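Fold and contact review
Take a look at the letters that make up each chain.
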Amino acid sequence: MAKTLKVTYLGETCVAFDKGKTYIATCYDPRLDRIGVIDESGEDYIYSPRAFKIHGDYKQLPKVDCRVEK
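First, a word on what this report is: a plain description of the structure on this page. Model, not experiment: these values are computed from the prediction.

This next bit is on the nonpolar core. Within the largest apolar cluster, 13 residues are counted, with the highest numbers of intra-cluster contacts made by Val7, Phe17, Ile35, Val37, Phe52 and Leu61. Breaking this core down by element, the ones donating at least two residues are β1 (5–9), β2 (22–29) and β3 (34–38). Residue contacts for valine 37: discarding those within four places in its chain leaves Val7, Phe17, Tyr23, Ile24, Ala25, Glu43, Asp44, Tyr45 and Phe52.

What follows is the structure, given as structure tokens:
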């Protein structure tokens, strides 16, 4: 199981990510099909893996449940 993976943001530059820049993915939620990605400030974001070029198999990242409980 991979602990982290490098991912390159494919979208347009936004508050959290810059287009073409590489970040670290730390987890995967199979229920939501989302990955946790850390930005430059250390903030963790939950994003679709389709927004990134994944350098490896993101489904091998540690599994988490990112659903919000009410």
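From this point on, the discussion continues.
Relative to the elements of secondary structure, aspartate 39 occurs in the loop between β3 and β4 (44–47). For aspartate 39, which is buried and forms no salt bridge, the nearest opposite charge comes from lysine 21, at a distance of 10 Å. Of the polar contacts made by the side chain of aspartate 39, one reaches the side chain of serine 41; its length is 2.8 Å. The residues contacting aspartate 39, other than those within four sequence positions of it, are Ala16, Phe17, Tyr23 and Tyr45.

Take the environment of serine 48 next. Counting through the fold element by element, serine 48 comes out in the loop between β4 and β5 (52–55). Taking the C-alpha atoms as reference points, serine 48 and leucine 61, separated by 13 residues in sequence, lie 14 Å from one another. Sequence-distant contacts of serine 48, that is, excluding residues within four places in its chain, are made with Asp33 and Arg34.

Within the element layout of this structure, aspartate 29 appears in strand β2. Assessed through its relative accessible area of 0%, aspartate 29 is described here as buried. Here leucine 32 takes part through its backbone nitrogen, which lies 3.2 Å from a polar atom of the side chain of aspartate 29. Engagement of the side chain of aspartate 29 in a polar contact is seen with the backbone nitrogen of cysteine 66, the distance being 2.5 Å. Dropping the residues within four chain positions of it, aspartate 29 is found in contact with Arg34, Val64, Asp65, Cys66 and Arg67.

Time to look at the pattern of salt bridges. The tally for this structure, following the rule as stated, stands at three salt bridges. A salt bridge links glutamate 12 to lysine 19; the nearest nitrogen and oxygen atoms lie 3.2 Å apart. For glutamate 12, a relative accessible area of 56% puts it in the exposed group. With relative accessibility at 49%, the residue lysine 19 sits in the partly exposed group.

Conventions and cut-offs
Residues numbered from 1 in each chain as written. Predicted model: local features only at pLDDT ≥ 70, side-chain atom pairs only at ≥ 80, totals over all residues. Heavy atoms only, no water. Core = buried A, V, L, I, M, F, W, Y, C linked by side-chain atoms within 4.5 Å. Buried < 20%, exposed > 50% of the residue type's maximum accessible area, 1.4 Å probe, protein only. Helix = DSSP H or I, 4+ residues; strand = E, 2+ residues; numbered from the N terminus. Contact = heavy atoms within 4.5 Å. Lys, Arg positive; Asp, Glu negative; His and termini not counted. Salt bridge = Lys/Arg side-chain N within 4 Å of Asp/Glu carboxyl O. Polar contact = N/O pair within 3.5 Å; in protein donor to acceptor, adjacent residues only side chain to side chain.

In short, shape yes, function no, at least from these values alone.
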